[in-house]
Amino acid sequence: MGGAAAAAAVALLAATRRRPAAGPLAFLLPRAARAGLHEAAAPAAEEEKGRTRRRRRRRSSSSRLLGPDIPDTWDSPPRAAARPSPPSGAGVDYDSTATIIDGKSVAEDIRFQIAEEVRQMKNAVGHVPGLAVVLVGDRRDSESYVRYKIKGCEEVGIKSLLAELPGNCTEDVVVDSVSRFNEDPSVHGILVQLPLPQHMDEERILSAISLEKDVDGFHPLNVGNLALRSRKPLFVPCAAKACLELLLQSGIELMGKHVTVIGRSKVVGLPTSLLLQRHHATVSIIHAFTTNPEEITRQSDIVISAAGVANLVRGSWLKKGAVVIDVGTNPIEDPTSDYGYRLTGDVCFEEAVKLASAITPVPGGVGPVTIAMLLANTLDSAKLAYGLATESPEL
Ligand SMILES: Nc1nc2c(c(=O)[nH]1)N[C@@H](CN(C=O)c1ccc(C(=O)N[C@@H](CCC(=O)O)C(=O)O)cc1)CN2
């Protein structure tokens, strides 16, 4: 990718594009556009070990009360080596009536709304929202996610800027890049694509993003405000919003429901569990040290998996009728694919679909909605900047 800013592009969505479906859930859509995903970025074990060593160096002894600082390292699912790969979709005898939650179509509807609001903003104040993306290093997965984000911006008329920095640059260079975008009034949203190279202090870099441009919602103040029911964060992480959006749009009741969130990353698991509590769900969080994940998950009405482990959640983990939201996007070898690999979720789809009442596929589930939520957060930020919104976005 070139080092220059990606050109601003205003590609208004075709007037013929499908409007959000009317019906009992249609009232959710305008909120979706105001509301603002993704997967468990599963860093390689080595990267994670390096990070742990650095974290240990930085921690004082008083941090003992906060628990031992050891990384979430997921074991492979039991007997993974001996277990055959789950069958591919074709020819499987499903006895399922599960609804397949179509994230692509939900995302398209949200983008439609956003494009309309961007047009209105341009007419009203002569400006469009701007999103700046900082990409450090040359991870192929991160490069594709950034491409999706820029393409999403182009589709709805949001201006995008891209700062590409080499993987061996210093932390200060990244902070400087963030600071320049903080000062740029045409930029309303800034995100630093994660994961960052091992030698960088992620917290320091994320904290350098101005609170009011923190469209990823990873700034400690935004996370803290999400955790406190009496406070409102300016922005909520996009993957968490995407999970909620898919549940709400599918008409799934959350209040009092037992939801298990698998994974506790800052990108997905943690904010999703906080957001669910704000929706009055009873939340269990499962992580690499949970001793009985299968048992807990089997008691759940809703399972949201963001562990970053292919096929971790088997049919035996699910209660009949459970709703399954799969945030994982894990590459697995596939010699039949042109690329030599394909993406699969954390959930063994072929088994889960026989038990679930509703399930998201991978790809085409949470991922596209996550990108749509990023665009929505950027629009919200621009509205605040231009005085077109009086308060922080609704959750
Ligand atoms: N700064 C951030 N870094 C990362 C985030 C994030 O929200 N902010 N999340 C993930 C990666 N991610 C977005 O950045 C992301 C991952 C996957 C998808 C997606 O659309 N997946 C598709 C399939 C993708 C494919 O075919 O290549 C799908 O599920 O259908 C979007 C965004 C970690 N880093």
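This structure is a prediction, so every number in the text was calculated from the model and none was measured.

**Concerning the packing of aromatic side chains**
The full count for this structure, using the stated rule, is two aromatic pairs. Both rings, one in Tyr145 and one in Tyr148, keep their centres 6.2 Å apart while their planes meet at 55 degrees; by these two values the pair is tilted. One end of the pair, Tyr145, and the other, Tyr148, are both in helix α4 (residues 140-156), three residues apart, so they sit about a helical turn from each other. A relative accessible area of 47% places Tyr148 in the partly exposed class. Ring geometry for Tyr339 against Tyr341: centres 6.3 Å apart, planes inclined by 55 degrees, an arrangement best described as tilted. Since its relative accessible area comes to 66%, Tyr339 is described here as exposed.

**Description of the domain arrangement of the chain**
Here the chain is partitioned into domain 1 (3-45), domain 2 (99-103 + 232-369) and domain 3 (127-231 + 374-385). One C-alpha centre belongs to domain 2, the other to domain 3; they are set 24 Å apart. Every contact between the two is made by 18 residues of domain 2 and, on the other side, 28 residues of domain 3. For the domain 2 and domain 3 pair, buried surface summed over both sides reaches about 1,800 Å², with 64% attributable to carbon and sulfur atoms.

**Some details on the confidence of the model for the chain**
Mean pLDDT over the chain: 83, with 77% of residues reaching 70 or higher. Note on residues 1-62: pLDDT under 50 across the span, and 139 contacts to partners over four residues away in sequence or across chains. The low-confidence segment residues 80-94 (pLDDT under 50) makes 19 contacts with residues lying over four places distant or belonging to another chain. For this predicted complex, the interface confidence score (ipTM) comes to 0.98, while the overall pTM stands at 0.82.

**Focus: the pattern of salt bridges**
Counting across every chain of the model gives 13 salt bridges. With a closest N to O distance of 2.8 Å, Arg119 and Glu116 form a salt bridge. One end of the pair, Arg119, and the other, Glu116, are both in helix α3 (residues 103-125), three residues apart, so they sit about a helical turn from each other. On the accessibility criterion, Arg119 (25% relative accessible area) is partly exposed. The partly exposed category is assigned to Glu116, whose relative accessible area is 30%. Ionic pairing is found between Glu171 and Arg204, a salt bridge with its closest N-O pair at 2.8 Å. With a gap of 33 residues between them, Glu171 in helix α5 (residues 171-183) and Arg204 in helix α6 (residues 202-207) connect regions that are remote in the sequence. For Glu171, a relative accessible area of 18% corresponds to the buried category. With relative accessibility at 35%, the residue Arg204 sits in the partly exposed group. The network of salt bridges with common partners includes Arg111, Lys151 and Glu155.

Rules of the game
- Counting from 1, residues in each chain are numbered in the order their sequence is written.
- The predicted nature of this model means local features are confined to residues of pLDDT at least 70 and side-chain atom pairs, given and counted, to a pLDDT of 80 or more, with totals for whole chains, interfaces and linings taken over all residues.
- Where side-chain values are given, they derive from all heavy atoms of the structure, hydrogens and water being excluded.
- Each Phe, Tyr or Trp ring (for Trp, its six-membered ring) is paired with any other whose centre lies within 6.5 Å, and the angle between the two planes then decides the class: stacked below 30 degrees, edge-to-face above 60, tilted in between.
- Only DSSP runs of H or I with at least four residues qualify as helices, and only runs of E with at least two residues qualify as strands; both kinds are numbered from the N terminus onward.
- Each residue is assigned to one of three classes by its accessible area relative to the maximum for its type, calculated with a 1.4 Å probe on protein chains only: buried under 20%, partly exposed between the two thresholds, exposed over 50%.
- Where each domain begins and ends follows an automated or database-derived domain assignment.
- Throughout, a residue-residue contact means that at least one pair of heavy atoms, one from each residue, lies within 4.5 Å.
- Each of two parts loses accessible area, computed with a 1.4 Å probe, when they are put together; buried area is these two losses added.
- As a per-residue measure, pLDDT reflects the predictor's confidence and takes values from 0 up to 100.
- The salt bridge definition used is simple: a Lys or Arg side-chain nitrogen within 4 Å of an Asp or Glu carboxyl oxygen.

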